[in-house]
Amino acid sequence: MTNRLRVSLVIPVYNEESHLAACLDAIAAQTVQPFEVIVVDNNSTDQTVAIAQRYPFVRLLHEKRQGVVFARDRGFTAARGDVIGRTDGDSILAPDWVAEIHRIFANPTVDAASGIVS
């Protein structure tokens, strides 16, 4: 596993106040920290933005055009890492999620990877 791989994590959110803290707590507990965590607010009307701002490792962006595709793309465009991981604001990542990304992409023949989509 290479420690030089920079993993950007993009999280598009819309009204995720009931889930976002648990999602970000799971990211804070990663065995290998991501290079950056980008939360893209898509016009939330609840406390989503305030929750994201409580986490010093989060870079908060805003996307005015409504829709997860627009928010996701805003995050992808802003990402500075070598690999971009994308998850939802109500997802709880396993503690070794970023470490697993490092392991997978240590293989130079791997260009992309995907996990379970439910």
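Preceding this paragraph is the structure being described.
Thresholds, definitions, all that
- Numbers given for residues are sequential positions, taken from 1 along each chain in its written order.
- Where totals are concerned, whole chains, interfaces and linings use all residues; where local detail is concerned, this predicted model gives features only for residues with pLDDT of at least 70, and gives and counts side-chain atom pairs only at 80 or more.
- The side-chain quantities take in all heavy atoms of the structure and omit both hydrogens and water.
- Only Phe, Tyr and Trp rings are paired, with Trp represented by its six-membered ring, and only when their centres lie within 6.5 Å; those with planes under 30 degrees apart are stacked, over 60 edge-to-face, the remainder tilted.
- The buried label goes to any residue with under 20% of its type's maximum accessible area, the exposed label to any with over 50%, and the partly exposed label to all in between, with areas taken from a 1.4 Å probe on protein chains only.
- Sitting over a ring, as applied to charges here, requires NZ of Lys or CZ of Arg to be within 6 Å of the ring centre and within 35 degrees of the ring normal.
- The helix count covers DSSP runs of H or I at least four residues long, the strand count covers runs of E at least two residues long, and both are numbered beginning at the N terminus.
- We call two residues in contact when some of their heavy atoms are within 4.5 Å.
- Whenever a nitrogen or oxygen atom comes within 3.5 Å of another N or O atom, the pair is scored as a polar contact, on the condition that within protein one atom can donate a hydrogen and the other can accept it, and that pairs from neighbouring residues in sequence are kept only if both atoms are in side chains.
- Only buried residues count toward a nonpolar core, which is a set of Ala, Val, Leu, Ile, Met, Phe, Trp, Tyr and Cys residues joined through side-chain atoms within 4.5 Å.

(A) Structural view of the packing of aromatic side chains. Considering all chains together, one arrives at one aromatic pair under this definition. Both rings, one in Tyr-55 and one in Phe-57, keep their centres 5.7 Å apart while their planes meet at 70 degrees; by these two values the pair is edge-to-face. Taking relative accessible area as the criterion, Tyr-55 reaches 11% and is therefore assigned buried. Note on Phe-57: relative accessible area 28%, which makes it partly exposed. Lying over the aromatic face of Phe-35, Arg-6 brings its terminal NZ or CZ to 4.6 Å of the ring centre.

(B) Seen up close, unusual backbone geometry. The backbone phi angle of Asn-15 is positive, close to 50 degrees, even though this residue is not glycine. Residue placement: Asn-15 occurs in the loop between β1 (7-13) and α1 (20-28). By relative accessible area, which is 27% here, Asn-15 ends up partly exposed. If you check the backbone angles, Asn-43 has positive phi at about 75 degrees while not being a glycine. Along the chain, Asn-43 falls in the loop between β2 (36-41) and α2 (48-53). Residue Asn-43 is classed as partly exposed on the basis of its relative accessible area of 28%.

(C) Spotlight on the environment of Tyr-14. Turning to its location among the elements, Tyr-14 is positioned in the loop between β1 and α1. For the pair Tyr-14 and Phe-35, spaced 21 residues apart in the sequence, the C-alpha separation amounts to 23 Å. Those residues within four positions of Tyr-14 in sequence are excluded, and the remaining contacts are Asn-42, Asn-43, Ser-44 and Gln-66. Separated by 3.5 Å, the side chains of Tyr-14 and Asn-15 make a polar contact.

(D) Layout of the nonpolar core. By size, the foremost hydrophobic cluster in this structure holds 14 residues, and its most contacted members are Ile-11, Leu-20, Leu-24, Ile-27, Val-37, Val-39 and Val-58. Within the residue set of this core, elements represented by two or more residues are β1, α1, β2 and α2. If one sorts the elements of this core by residue count, α1 sits on top with four residues. Core analysis: the second largest hydrophobic core is formed by eight residues, Leu-5, Val-98, Ile-101 and Phe-105 among them.

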